[in-house]
Amino acid sequence: MEGVKPKIVAIAAALLLVASACDRLPFAGRGGDQRTVLVDFGHDSYASFFLFNFPKKIAVTPGMTLVFRQTWTGEPHTVTGGTLVDETLGDPILSFATSFDELAAAGVPLPDPEGEVPEDMTVADVIEIVEDSRDSDARQGFLDSYDALAEDGVVPDRDEATEVAFIELAANLGPEIEAAFTNLPHAVDEGKELETTQNIGQPCYLSEGGPPEDPDQPCASGDQDKPDFDGTQSYYNSGIIPYEGPQGNTFEVPLAEDIEVGSYWFYCAVHGPLQSTEVEVRPTGSDIPSQAEVNRRARREIDEVAEPLLELYRTAVDSNEVRVNLGAGPQTLEGPFAGLGDVSVSEIALINEFVPKQLEVDAGDPITWTMIGAPHTISFGVPRYFPPVQFLDDGSVRVNPRLQPAAGGAKEFPAELFAAPGQEGGPGAEVVEFDGGTYDGEGFWSSGLIAADPYAEYTMRISRPGTYDFACLIHPPMVGTIEVT
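Residues numbered from 1 in each chain as written. Predicted model: local features only at pLDDT ≥ 70, side-chain atom pairs only at ≥ 80, totals over all residues. Heavy atoms only, no water.

Visitor: Would you take a moment to explain the overall build of the protein for this structure?
Guide: Across its full length, the protein carries 8 helices and 27 strands. When each of the 485 residues of the protein is scored for burial, the buried share is 56%. A separation of at least 24 residues holds for 70% of the contacts in the protein among residues at least 6 apart in sequence. Accessible surface computed for the protein: about 19,800 Å², of which carbon and sulfur atoms make up 46%. (Helix = DSSP H or I, 4+ residues; strand = E, 2+ residues; numbered from the N terminus. Buried < 20%, exposed > 50% of the residue type's maximum accessible area, 1.4 Å probe, protein only. Contact = heavy atoms within 4.5 Å. Areas by Shrake-Rupley, 256 points an atom, 1.4 Å probe, with all protein chains shown as cover.)

This is how it looks when you write it as structure tokens:
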């Protein structure tokens, strides 16, 4: 449940999918009268989340229906749009930031604006790196948005870019990019770790203005009735998409017959504008890509930066060690692992696996997991049904209160050490070593939610022989077994 914030530009990436799985993309679109966009995606070979929409851009005509189909990975999502969103996501400074992220995630050797940037590296040097990269939507998006910013006088023209240090440009643009991100509504209360906001977490459709400022105050019941999207609504928000029931994992946006031609944006208010889709409405009767063509475009985006994650996972499985960059330079880490990631690939496309899935230990011996990337728990005696997000009878939505705290006698992970990817806080480059105690083999025992920058080494023991299933409470597919002798 990443409340991901950008750095100057948060590193972004697409997900991983093996080549033979193209025909299994779960669009399930009817074709002519609707188009389907994927929200998140789960790898077919291992548990994961990929906090993006696929494709990033889609063309439709008035009267069609957009279907946003969520893959339930344990990460909640919204589909949020309206003129308030268009004003921000249509700004070239945000396109500049997100395309920079996507290029970096795809392996283009761009400098890290928050890392050690050579003082003599100019803006022209960065532009040349991008121009020399292979053709992609991100490459074109970067160059187009840079030129738009240059036309507005925000950045120097390309022919003048040799005169400006990149580190200077990054420092100047950083606050504006941060403001563009933070001005958008968020479905997670940043002041209260992992608490959902009711003004964004519940559905809301407004013809003018924004949702209530009080995060605990949902929109009025009448404003929760979904109208057709005509492009003039100031705020058009699914709330957190339910993952079960008749409408589970699907949110439909019916387009009005009189919607104006133009571009409209929808993003996830949990994970931010890197998880977004631009909807281009073309005139009635226009030729638009078929659902099959949409599928292929999504597949290209999926594949664009996929290989590094696949290699990372295979290496971990085969050798029980990985060489990764977690922000302090490349380093080799040993398993067992609870989650895998590499900031050179992405901070928001991650492997949610215990590697290895099966362990054998002696009773009382320490088990130390290397915990990388997203927040996870290590939990035993997990109930058969444990929803990470709960939808209550009164319409409110909340994180399961049993998810975050340590339980069953486990020691509480210190809040001051908790630092999920992209978030401020934590011990910086210092590895967090924490001993959670001992599980006696009975009842529910959980480490509580753990994440650290750059990673954590979490140790626990099991005192009684037996076979124990364990899981991450926040990511349901993330499971394993320990044989204790």
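Visitor: Explain the sheet that holds strand E27 (residues 479-484) here, please?
Guide: Two strands in a sheet stick together by hydrogen bonds in their backbones, pointing the same way (parallel) or opposite ways (antiparallel). Strand order in the open sheet formed by 5 strands is E18-E27-E26-E20-E24, and the pairing between neighbours is mixed. Each of the sheet's edge strands pairs with one partner strand only, and the pair in question is strand E18 (358-361) and strand E24 (445-446). Two strands pair when backbone bridges link them, and strand E26 (residues 466-471) and E27 are joined in this way by 6 bridges, in the antiparallel orientation. The residue of E27 that forms the bridge with Thr467 is Glu483. (Pairing = 2+ DSSP bridges.)

Visitor: So what exactly am I meant to see when it comes to unusual backbone geometry here?
Guide: Trans is the common state for peptide bonds, and a negative phi is the common state for residues other than glycine. Cis geometry is adopted by the peptide bond preceding Pro336, which originates at Gly335 and carries an omega value of 5°. Relative to the helices and strands, Pro336 is located in the loop between strand E15 (330-334) and strand E16 (337-342). Geometrically, the link from Val355 to Pro356 is a cis peptide bond, its omega value of 0° lying close to zero. Turning to its location among the elements, Pro356 is positioned in the loop between strand E17 (346-355) and E18. We note that Asn249 has phi near 70°; this positive angle belongs to a residue other than glycine. Of note, Asn320 is a non-glycine position whose phi angle comes to about 60°, a positive value.

Visitor: Help me out: how do you make sense of the pairing of strand E25 (residues 455-462) in this one?
Guide: Among the 8 residues of E25, 6 are classified as buried, and the element is accordingly described as predominantly covered. Of the pairings in the sheet, the one linking strand E19 (residues 367-372) to E25 comprises 6 bridges and is antiparallel in character. Directly across from Ile372, in E25, lies its bridge partner Tyr455. Examined bridge by bridge, strand E23 (residues 432-439) and E25 share 6 bridges and lie parallel to one another. Looking across to E25, one finds that Val432 is bridged to Ala456.

Visitor: Just to check I follow, could you spell out helix H8 (residues 307-319) for this structure?
Guide: The periodicity of an α-helix, 3.6 residues per turn, causes residues three or four positions apart to be oriented the same way. Here H8 contains 13 residues, and its C-alpha end-to-end distance of 18 Å stays within 8% of the 18 Å for a straight helix at 1.5 Å per residue. Among the residues making up H8, those that are buried are Leu309, Leu310, Leu312, Tyr313 and Ala316. Viewed end-on, H8 has its buried residues packed into an arc of 160°, placing them on one side of the element. Contacts from the buried residues of H8 go to strand E2 (48-50), strand E14 (321-325), E16 and E17. Count one or two residues on from H8 and you reach Asn320, which has phi positive near 60°. (Expected span 1.5 Å × (residues − 1). Arc of directions from axis to C-beta.)

Visitor: Even after reading the chapter, I still don't get the packing of aromatic side chains, so can you show me in this structure?
Guide: How two aromatic rings sit relative to each other is set out by the distance from centre to centre and by the angle between their planes. One pass over the structure, following the stated rule, counts 24 aromatic pairs. On the basis of an interplanar angle of 45° and a centroid distance of 6.3 Å, the ring pair of Phe96 and Tyr146 is categorised as tilted. Here Phe96, found in helix H2 (residues 92-105), pairs with Tyr146, found in helix H4 (residues 137-151); they are 50 residues apart in sequence, far enough to count as distant. Arranged with centres 5.1 Å apart and planes meeting at 75°, the rings of Phe229 and Tyr236 form a pair that is edge-to-face. Grouping residues by exposure puts Phe229 and Tyr236 together as buried. A network of ring pairs unites the aromatic residues Phe354, Trp369, Phe380, Tyr439, Trp445, Tyr468 and Phe470 as a single cluster. Between Arg402 and the ring centre of Phe444, over which it is positioned, the NZ or CZ distance is 4.5 Å. (Phe/Tyr/Trp six-rings, centres within 6.5 Å; stacked < 30°, edge-to-face > 60°. Lys NZ or Arg CZ within 6 Å of the ring centre and 35° of its normal.)

Visitor: For this particular structure, what's the right way to read the pairing of E17?
Guide: Every regular strand shows the same layout, with side chains that alternate between the two sheet faces. Along E17, 10 of the 10 residues are buried, which leaves the element largely enclosed by surrounding structure. Note: E2 against E17, 3 bridges, orientation antiparallel. Bridge pairing in E17 places Phe50 opposite Ala349. With 4 bridges joining them, E16 and E17 adopt antiparallel strand pairing. The residue of E17 that forms the bridge with Phe337 is Val355. Here E16 folds back onto E17 in antiparallel fashion, the turn holding 3 residues.

Visitor: Hey, could you run me through the sheet that holds strand E3 (residues 53-54) in this one?
Guide: In spatial order, the strands read E3-E1-E5-E11; together these 4 strands make up an open sheet with mixed pairing. Where the open sheet ends on each side, the last strands, each with one partner, are E3 and strand E11 (250-254). Inspection of the sheet shows strand E1 (residues 34-39) paired to E3 by 2 bridges, in the antiparallel sense. Each bridged residue has a counterpart across the sheet, and for Leu38 the counterpart in E3 is Phe54.

Visitor: Please explain the confidence of the model for the protein as it appears in this structure.
Guide: The predicted coordinates ought not to be read in detail in places where the model reports low pLDDT. A residue-level look at the protein finds 89% of positions with pLDDT of 70 or above and a mean pLDDT of 87. Below pLDDT 50 for its whole length, residues 1-24 participates in 102 contacts with residues either more than four positions away or in separate chains. (pLDDT = per-residue confidence, 0-100.)

Visitor: Got a minute to help me understand the environment of Ser99 in this structure?
Guide: When you line up the elements, Ser99 lands in helix H2. Along the primary structure Ser99 and Gln140 are separated by 41 residues, whereas in three dimensions their C-alpha atoms are 8.5 Å apart. Within the local environment of Ser99, its side chain forms a polar contact with the backbone oxygen of Ser95, the two atoms lying 2.7 Å apart. Polar side-chain contacts of Ser99 include one of 3.2 Å to the backbone oxygen of Phe96. (Polar contact = N/O pair within 3.5 Å; in protein donor to acceptor, adjacent residues only side chain to side chain.)

Visitor: How should I be thinking about the state of the cysteines in this particular structure?
Guide: Cysteine pairs can be covalently joined through their sulfur atoms, and such a bond is termed a disulfide. Throughout the structure, instances matching the rule amount to 1 disulfide. Put simply, Cys204 and Cys219 are joined by a disulfide, and their sulfur atoms are 2.0 Å apart. Taking the sign of the S-S torsion, about -75° here, the bridge from Cys204 to Cys219 comes out left-handed. Here Cys204 is found in strand E9 (residues 204-206), whereas its partner Cys219 is found in the loop between E9 and strand E10 (235-237), with 15 residues between them in sequence. For the residue pair Cys204 and Cys219, the accessibility class agrees, reading buried in each case. (Disulfide = S-S within 2.5 Å.)

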